[in-house]
Amino acid sequence: MTQHDRTLPKRTLGTQGLEVGAIGLGTMGMTMAYGAGDEPGGVATIRRAYELGVTLFDTAELYGMGTGSNEQLLGRAVRDFRDDIVIATKFGFDLSDPQNVGTALDSRPAHIREVTENSLRHLGTDHVDVLYQHRVDPDVPIEDVAGAVGELIAEGKVRYFGLSEAGPDIIRRAHTVQPVSVLQTEYSVFERAVESEVLPVVRELGIGFVPYSPLGRGFLTGAVRPAAAYPADDMRSWDDRWQPGNYEKNLAAIRDLTALADAKGATVTQVALAWLLAQGDDIVPIPGTRSPDRVAENVAAAHVTLTPQDLADIQKILPHGAAGSRYPEAMMPSW
């Protein structure tokens with residue numbers, strides 16, 4: 001492994017001192033959602049990200065479908081530099097019934113502890129840096145969730161408490177029990193729902209923001225095909241944004257963004273990530289990829305500067321985000 005390149009700028013997420021590289025890495029796609037994974041390729045991608053200055057690595061119990069495979073992959077990949085990085089993982093799903101994976105929730109305090117202990121074992125570490133509630137569980141008061149994570153923090157098993165896809169009321173209530181350090185929610189030039197109500201609240205409370213799917217689940221890479229061209233185990237086969245009608249509108253937007261990127265000597269991927277970074281110094285996106293080369297391209301986005309005119313042009317191309325919903329109704333988080 002080459003010497004760790006520290007040219008990636010650093011950012012501080014929230015007011016509790018959580019410092020990470022300005023671009024993180026999401027590992028979900030290495031084991032689920034985009035077809036069969038490749039473990040050696042995943043390990044190589046994670047290690048290349050570290051070489052380039054990435055220090056925030058994102059995983060979850062869900063990404064291994066209860067087997068721990070995604071966390072184990074990450075744990076093996078970072079073993080030699082674990083103390084130099086921030087590992088974020090998540091709890092909150094009931095994975096006992098394969099038919100309900102991704103929709104059945106369980107954030108009972110006892111389950112939070114059980115999942116966390118499993119995550120520590122799978123990751124091969126004695127602490128998780130950020131522990132997120134993956135989705136808000138309407139059957140468990142958020143105060144009980146925050147209290148349970150607070151106990152794990154007091155025991156040294158967790159450093160920071162995070163929420164994912166939580167709305168303003170949940171964020172405020174959790175924060176009064178255990179300070180929330182980070183909120184993770186989908187945000188990109190394609191998906192803008194957080195701008196009106198969520199971002200103002202996290203900034204008021206001093207909470208960092210981590211956008212997932214910052215590249216529109218791959219649409220913003222420009223390497224896209226219609227839904228029917230993807231296999232059934234690839235979420236793009238059913239994602240609304242890839243369906244006929246929406247696909248053509250979104251592809252037209254990508255063509256316009258690509259022209260803007262070309263004029264700057266950048267890729268559309270880099271422009272999409274640079275756009276997110278330009279939304280505030282408290283934002284650290286976590287694009288996912290299985291490719292070491294793509295990691296390098298993503299990290300280089302931190303050095304792409306968008307002018308006020310560039311930002312205005314992007315707003316004109318995508319004034320309200322993408323055509324099509326980001327999840328089927330049954331999976332859509334409710335704020």
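Residues numbered from 1 in each chain as written. Predicted model: local features only at pLDDT ≥ 70, side-chain atom pairs only at ≥ 80, totals over all residues. Heavy atoms only, no water.

Colleague: I'm lost on the pattern of salt bridges in this one. Help?
Modeller: Pairing between side chains of opposite charge can happen when their charged atoms approach one another. Under the criterion given, the structure shown has 19 salt bridges. Between D58 and K90 there is a salt bridge, with its nearest N and O atoms 2.5 Å apart. Here K90 lies in strand 5 (residues 86–91) and D58 lies in strand 4 (residues 56–58), a separation of 32 residues in the sequence. Here the two residues D58 and K90 agree in accessibility, since each one is buried. When the shortest N-O distance is used, the salt bridge between R294 and E297 registers 3.3 Å. Residue R294 and its partner E297 are located together in helix 9 (residues 292–300), separated by three residues, close to a single helical turn. Judged by its relative accessible area of 24%, R294 falls in the partly exposed class. The network of salt bridges with shared partners includes R113, E117, E151, E155 and K157. (Salt bridge = Lys/Arg side-chain N within 4 Å of Asp/Glu carboxyl O. Helix = DSSP H or I, 4+ residues; strand = E, 2+ residues; numbered from the N terminus. Buried < 20%, exposed > 50% of the residue type's maximum accessible area, 1.4 Å probe, protein only.)

Colleague: What is the right way to read the packing of helix 8 (residues 268–277) against helix 9 from this model?
Modeller: Between two packed helices, the angle of one axis relative to the other and the distance separating the axes together describe the packing. Running from N to C, helix 8 and helix 9 cross one another at 45 degrees; their axes reach a closest spacing of 8 Å. Comparing their axes, helix 9 and helix 8 come out oblique. Here helix 8 and helix 9 pass one another in a crossing that is right-handed. Along its contact with helix 8, which presents T269, Q270 and L273, the element helix 9 presents R294, E297, N298 and A300. By residue class, the composition of the contact of helix 8 with helix 9 is two nonpolar, three polar and two charged. (Axes fitted to C-alpha atoms, helices over the stretch in contact; angles between N-to-C directions. Parallel < 35°, antiparallel > 145°, perpendicular 65-115°, else oblique. Left-handed = near helix turned anticlockwise from the far one by under 90°. Contact = heavy atoms within 4.5 Å. Nonpolar A, V, L, I, M, F, W, Y, C, P; charged D, E, K, R; others polar.)

Colleague: I tried to follow the packing of helix 7 (residues 246–263) against helix 10 (residues 308–317) on my own but got confused; where do I start?
Modeller: Orientation of helix 7 relative to helix 10, taken along the N-to-C sense of each, is 165 degrees, at an axis distance of 10 Å. Relative to helix 10, the element helix 7 is oriented roughly antiparallel. Here the hand of the crossing between helix 7 and helix 10 comes out right-handed. On the side of helix 7, the interface is formed by A253, D256, L257 and L260, while helix 10 contributes D310, D313, I314 and I317.

Colleague: I would appreciate a short explanation of the confidence of the model for the protein chain in the present structure.
Modeller: As a general rule, the predicted coordinates of low-pLDDT regions are not to be interpreted in detail. Summing up the model confidence of the protein chain, the mean pLDDT is 91 and the portion of residues at 70 or higher is 93%. Scored below 50 in pLDDT, residues 1–6 shows 12 contacts in the model against residues more than four places distant or in partner chains. (pLDDT = per-residue confidence, 0-100.)

Colleague: Help me understand the pairing of strand 8 (residues 180–186) in this model?
Modeller: Regular strands place their side chains on alternate faces of the sheet. Across the seven residues of strand 8, seven count as buried, placing the element largely inside the fold. As defined by bridge partners, strand 7 (residues 158–164) adjoins strand 8 across four bridges and the pair is classed as parallel. Bridge assignment links F161 to a residue of strand 8, and that residue is V180. Bridge count between strand 8 and strand 9 (residues 208–212): five bridges; the pairing is parallel. Its bridge partner being in strand 9, L183 is matched across the sheet by F209. In terms of handedness, the path from strand 8 via helix 6 (residues 194–205) over to strand 9 forms a crossover that is right-handed. (Pairing = 2+ DSSP bridges. Right-handed = clockwise from strand over helix to strand, strands pointing away.)

Colleague: Teacher, can you tell me more about the environment of V86 here?
Modeller: For V86, the location among the structural elements is in strand 5. Sequence spacing of V86 and W238 is 152 residues, and the spatial spacing of their C-alpha atoms is 33 Å. Those residues in contact with V86 that sit more than four places away from it in its chain are L18, E19, V20, T55, L56, F57, D129 and V130.

Colleague: Would you mind showing me how to read the packing of aromatic side chains here?
Modeller: Given two aromatic rings, their pairing is described by the distance between the two centres and the angle made by the two planes. A full pass over the atoms with the stated rule returns three aromatic pairs. Relative to F81, the ring of Y50 has its centre 3.8 Å away and its plane inclined at 5 degrees; by these criteria the two rings are stacked. Here F81 lies in the loop between helix 2 (69–78) and strand 5 and Y50 lies in helix 1 (residues 39–51), a separation of 31 residues in the sequence. The two residues Y50 and F81 agree in class, both being buried. The interplanar angle of 65 degrees and the centroid separation of 5.6 Å between the aromatic rings of Y187 and W275 together place this pair among those described as edge-to-face. Here the residue Y187 occupies a position in the loop between strand 8 and helix 6, and W275 occupies one in helix 8, the gap between them amounting to 88 residues. By relative accessible area, W275 is classed as buried at 3%. (Phe/Tyr/Trp six-rings, centres within 6.5 Å; stacked < 30°, edge-to-face > 60°.)

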